[in-house]
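# Report on the structure
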Amino acid sequence: MKINKLTALLLSIFLAFAACETEESIEITTPDATFTLLQPVISNINLNYNFPDNEAFTIVWNDQLTSGGNYMVELSPDALFESPEVIGSSTTDRFTMTVGEFNSILLGEGADAFEPFAVFMRVISGSEISNSVSFSVSSYSEAPPVVTAPDSTFTLVLLETTPQDEAINVTWDDPDFGDNSTVDVIYEVQIAENGSDFAAPVTLSSASRTHEEFNEDVLNAGLAAEEAGSLDIRVKATIEMDGGNMERYSEPVTITVTPYSVELAPILYVVGAGAVDAGWDWSTPVELPLQGTKYSGNINLTNDAFRFFTINGDWGSGLNYPYYEAVGYTFDSNLTNAMDGDSNFFFNGTPGEYFIEVDTEAKTITLGPPVVGPNCNFDQLWLVGAGIVDAGWSWDTPVALPCTGNGTYSGNVALTNDAFRFFSINNEWGSGTNYPTYLGNGYTIDANFEDAMDGDNNFFFNGTPGTYFLTVDDINKTITLGPEQLECEFEQLWLVGAGVVDAGWSWDTPVALPCTGAGVYSGEVALTNDAFRFFTINNEWASGINYPTYEGDGYTIDSDLINAMDGDSNFFFNGTPGTYTLTVDTGNLTISVD
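In this text the structure is predicted, and so the values were computed from the model without any measurement.

## Side note on the overall build of the chain
Broken down by element type, the chain carries six helices and 49 strands. Rg of the C-alpha trace for the chain: 45 Å, well past the compact-globule value of 25 Å for 594 residues, more than 25% over. Seen along its three principal axes, the alpha-carbon backbone of the chain occupies a region of about 170 × 75 × 45 Å. For the chain, buried positions account for 45% of its 594 residues. In the chain, once contacts between residues fewer than 6 apart in sequence are set aside, the share between residues at least 24 apart is 64%.

## What about the pairing of strand β21 (residues 286-291)?
The element β21 is largely enclosed, with a buried count of five among its six residues. Relative to strand β22 (residues 294-301), β21 is paired through two bridges, and the arrangement is antiparallel. Note that in β22 the partner of L290 across the bridge is Y295.

## Some points on the pattern of salt bridges
As enumerated under the stated definition, the model contains ten salt bridges in all. The salt bridge partner of E212 is K363, with a shortest N-O separation of 3.8 Å. Of the two residues, E212 sits in helix α3 (residues 211-221) while K363 sits in the loop between β28 (352-359) and β29 (364-368), which places them 151 residues apart along the sequence. Given a relative accessible area of 34%, E212 falls into the partly exposed group.

## A word on helix α2 (residues 99-108)
With seven of ten residues buried, α2 is to be regarded as a mostly interior element. Once α2 finishes, G110 follows within two positions and takes phi at roughly 105 degrees, a positive value.

## Notes on the state of the cysteines
In total, this model carries one disulfide according to the counting rule given. With a sulfur-sulfur separation of 2.0 Å, C376 is cross-linked through a disulfide to C403. Across the S-S bond linking C376 and C403, the dihedral sits near 75 degrees, which makes this disulfide right-handed. With a gap of 27 residues between them, C376 in the loop between β29 and β30 (380-384) and C403 in strand β31 (residues 399-405) connect regions that are remote in the sequence. The pair formed by C376 and C403 is uniform in burial state, with each residue classed as buried.

## With respect to the nonpolar core
Counting residues in each nonpolar core, the largest one holds 34 residues, and the members touching the most others are L47, F57, I59, I87, F102, M121 and F135. When contributions to this core are tallied by element, the ones reaching two or more residues are β1 (35-37), β3 (55-63), β4 (71-76), β6 (94-98), α2, β7 (116-125), β9 (133-138) and β17 (229-239). With residues near it in sequence (within four places) discarded, F102 still touches I45, L47, A56, F57, L75, M97, V119, M121 and V137.

## Overview of the sheet that holds β1
Strands sit in the order β1-β3-β6 across an open sheet of three strands; the sheet is antiparallel. Strand pairing shows two members of the sheet lacking a second neighbour, β1 and β6, which therefore form its edges. On average, adjacent strands in this sheet sit at an angle of 15 degrees to one another, irrespective of strand direction. Here β3 runs beside β6; their pairing, made up of five bridges, is antiparallel. The partner of I59 across the bridge, within β6, is F95. Taken strand by strand, α2 contacts β3 and β6, and its axis lies near 85 degrees from that of β6.

## Quick word on unusual backbone geometry
A cis amide bond links A149 with the next residue in sequence, P150, at an omega value of 0 degrees. Note on placement: P150 falls in the loop between β10 (146-149) and β11 (155-157). Of note, the phi angle at F81 is positive, near 55 degrees, even though the residue is not glycine. Within the fold, F81 resides in the loop between β4 and β5 (85-90). A positive phi angle is found at K363, which is not glycine, with a value near 55 degrees.

## Observations regarding the confidence of the model for the chain
Looking at the chain, pLDDT values average 89 and 94% of them are 70 or higher. Counting contacts from residues 1-11, a segment whose pLDDT is below 50, to residues more than four positions away or on other chains yields one contact. Here residues 13-20 scores under 50 on pLDDT; set against residues more than four positions off or in separate chains, the count is zero contacts.

## Some words on the packing of aromatic side chains
Within this structure, the stated rule accounts for 50 aromatic pairs. Look at F57 and F95: their rings are 6.2 Å apart centre to centre, the planes differ by 50 degrees, and that puts the pair in the tilted class. In this pair, F57 sits in strand β3 while F95 sits in strand β6, placing the two residues 38 residues apart along the sequence. Its relative accessible area of 4% is what places F57 among the buried residues. F95 gets classed as buried once you look at its relative accessible area, which sits at 7%. Here W282 and F309 contribute two aromatic rings whose centre-to-centre distance is 4.9 Å and whose plane-to-plane angle is 70 degrees, an arrangement assigned as edge-to-face. Linking W282 in the loop between β20 (267-271) and β21 with F309 in strand β23 (residues 305-309), this pair joins segments that are 27 residues apart in sequence. F309 gets classed as buried once you look at its relative accessible area, which sits at 0%.

## Notes on the environment of G292
Checked against the element boundaries, G292 lands in the loop between β21 and β22. Note on G292: relative accessible area 41%, which makes it partly exposed. Sequence separation between G292 and V189 is 103 residues, and the spatial gap between their C-alpha atoms is 33 Å. Ignoring any residue separated from it by four or fewer positions in sequence, one finds G292 in contact with L264, N377 and D474.

## Side note on α3
Inspection of α3 places H211, F214, N215, D217, V218 and A221 among the buried residues, and these make up the whole buried set. All buried residues of α3 project into a common sector of 165 degrees when viewed along the axis, lining one side. G222 lies just past α3 and shows a positive phi near 115 degrees.

## With respect to the side chain of S141
Position of S141 among the secondary structure elements: in the loop between β9 and β10. At 3.3 Å, the side chain of S141 and the backbone oxygen of A143 are in polar contact. In this structure the side chain of S141 is engaged in a polar contact, spanning 3.2 Å, whose partner is the side chain of R248. With residues up to four places along the chain from it excluded, the contact list for S141 reads A113, F114, D176, F177, M246 and R248.

Analysis parameters
Residues numbered from 1 in each chain as written. Predicted model: local features only at pLDDT ≥ 70, side-chain atom pairs only at ≥ 80, totals over all residues. Heavy atoms only, no water. Helix = DSSP H or I, 4+ residues; strand = E, 2+ residues; numbered from the N terminus. Rg over C-alpha atoms; globule rule 2.2 N^0.38 Å. Buried < 20%, exposed > 50% of the residue type's maximum accessible area, 1.4 Å probe, protein only. Contact = heavy atoms within 4.5 Å. Pairing = 2+ DSSP bridges. Salt bridge = Lys/Arg side-chain N within 4 Å of Asp/Glu carboxyl O. Disulfide = S-S within 2.5 Å. Core = buried A, V, L, I, M, F, W, Y, C linked by side-chain atoms within 4.5 Å. Axes fitted to C-alpha atoms, helices over the stretch in contact; angles between N-to-C directions. pLDDT = per-residue confidence, 0-100. Phe/Tyr/Trp six-rings, centres within 6.5 Å; stacked < 30°, edge-to-face > 60°. Arc of directions from axis to C-beta. Polar contact = N/O pair within 3.5 Å; in protein donor to acceptor, adjacent residues only side chain to side chain.

Take a look at the structure:
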């Protein structure tokens, strides 16, 4: 279709008129200006104490209302901003705070460490206030624990006579943690000698300590027994975390403590009318030497009072009945409280000679039949190890070191340059005593011995290989080597048979009769009315020596021992069953039962 000029003109006029009408009806508006704090991308924040200088958060805003240049950032623990805190300012449209700065602010607002805490933020410029945004933040602890008890005025004298009474109870506060905190905090109470700056702290196994427990703690910390000393106490708080444990220490509190001595005197002295050979006089006290942890010896007792003393001639060192009672000892029924002015011991049994033993480990005081002959804690010590030529590291052929006097074990031993150990029980590795144990117990050890520095810290013989006379003296606390001594043909005789109570007819538990002098074998043996035989070699029946052999060699044999008249002509004990000192004297050719 063709549009002519007239039609085109009319159409143009119409469009122009319509355009004018449309323009008059359009209303153009401008948005209101705003001051808007933008919602952060992250709203849950865990502050890491390992990186205090890192950025904790950044907030950004859009300000169309003010000229800017001076913005204040407020924080509030509530959405109403009832008591807001200004936490910083900015001259730009953003604000950043470090982990350390933000953490301190949160704790000041009442946040509990490591617990989620909601905070709200907004920005102020003049009279204009932005909207608020919120964060959930977990802070970390900054304040150390605070010891609340004891304080620096605390003075403590530890008493041996009240071992189980509470001596001290350490308490503390941890201010950054609330009552409902769910975080696991490991607390340790540490003590150290004042002035040591906790270079080698002692950690207590509990905050409450008895007199006995705390005395050991204090001595381990370095304080001297029987002297008042200054002791520092602090609390260590540890939180175990994947990124590294967090440790905090309280300020130390210094207290005064007097520990008591736990070292045993080398000799316990008995004085009193009840001890016949002593009386109430220091000229002739009865001496009970210390062997290991036991004081023991023979004593003549009558029905009267006596007391123990740790220092010869010193009445003040006396230990009476209530003392031993208080520290937990049990007593022989023949010993009671004398109920005199000093609460001494009183012997109420049949007057006579007894073997008295004060066992400081078992805490017992016992009376028994007098001991004839050598007196030691064990019949013999056993030597095992490559350094012992005749033993090696095997229980097949251990070498016995017999008791040869009060607290003394001695005998000839073939030594070579290697390691060995002492044992108190045959065939029991757990009964071994190594070099550091003897050294730590105060023994003076021969220069030919040293610490083997192997896994078990055994003894090592570094001298010229050969046979030596080895002596272990538990009273004077010495281990010495001397020239070989001609003593006996064998280190011990062995007893096997039903007549020897602890042996029986088995090589599992033979009883050793050790050599105790030149040609003399002697020791305590429990005997009953049955047969037995002597043997020169452990576990070898062919080494047996019967009754007719000794008789034929000219021995005088005790009347309590007769020929069993069995197939092997063994010995037969026909006396009253009991424990006796059996002695075979190869020099004087006698066999006696005492």
